[in-house]
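# Topology and contacts: notes
In case you want the letters, here they are:
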Amino acid sequence: MAAKNNALSKPVTLSGDLEAVIGKGPMTRAEVTSKVWEYIKANNLQDSKDKRQINPDEKLGAVIGKDQISMFKMTAAVSKHLS
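Report on the accompanying structure. Predicted model, so just to flag it, every value in this text is computed and none were measured.

The subject of this paragraph is the overall build of the protein chain. A tally of regular secondary structure across the protein chain gives 4 helices and 4 strands. Each helix and strand of the protein chain, ordered N terminal to C terminal, gives the series β-α-β-α-β-α-β-α. Relative to the compact-globule value of 12 Å for 83 residues, the protein chain shows a C-alpha radius of gyration of 13 Å, a close match. For the protein chain, the residues scored as buried account for 34% of the 83 residues in total. Expressed as a percentage of contacts within the protein chain between residues at least 6 apart in sequence, the contacts between residues at least 24 apart total 26%. Accessible surface computed for the protein chain: about 5500 Å², of which carbon and sulfur atoms make up 52%.

Have a look at this one:
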């Protein structure tokens, strides 16, 4: 079966703030999401009581905001840094 040419597999340009967190672009949206999660797990940024909540550090806060955010809203916040 041929691979679909959808939005997740199309390379996007990253903002400087996002590149500081996950590295140089361009990357696909799927790669961006994966690398953001790698960063979150490597830096232990998930809330200890509710793993669905992310407590951003300084670098990630520049991308998704300084306040705790739900993992479901995080994707929308990250998308604002893609073009």
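For the coordinates displayed, the defined rule picks out 3 salt bridges. For R52, the salt bridge is made with D50, and the minimal N-O distance between the two is 3.1 Å. What makes R52 partly exposed here is its relative accessible area of 48%.

Our focus in this paragraph is the side chain of H81. Tracing the backbone shows H81 in the segment after α4 (71–79). Since its relative accessible area comes to 16%, H81 is described here as buried. A polar side-chain atom of H81 sits 3.0 Å from the main-chain carbonyl oxygen of V63. What H81 contacts, discounting residues up to four positions off in sequence, is T13, L14, S15, D17, L18, A62 and V63.

For the bond running from G25 to P26, omega is 0 degrees, close enough to zero to count as cis. Relative to the assigned elements, P26 resides in the loop between α1 (16–22) and β2 (27–28). Not every positive phi belongs to a glycine, and N44 is a case in point at roughly 50 degrees. Mapped onto the elements of the fold, N44 is located in the loop between α2 (29–42) and β3 (53–54).

What counts and how
- Residues numbered from 1 in each chain as written.
- Predicted model: local features only at pLDDT ≥ 70, side-chain atom pairs only at ≥ 80, totals over all residues.
- Heavy atoms only, no water.
- Helix = DSSP H or I, 4+ residues; strand = E, 2+ residues; numbered from the N terminus.
- Rg over C-alpha atoms; globule rule 2.2 N^0.38 Å.
- Buried < 20%, exposed > 50% of the residue type's maximum accessible area, 1.4 Å probe, protein only.
- Contact = heavy atoms within 4.5 Å.
- Areas by Shrake-Rupley, 256 points an atom, 1.4 Å probe, with all protein chains shown as cover.
- Salt bridge = Lys/Arg side-chain N within 4 Å of Asp/Glu carboxyl O.
- Polar contact = N/O pair within 3.5 Å; in protein donor to acceptor, adjacent residues only side chain to side chain.

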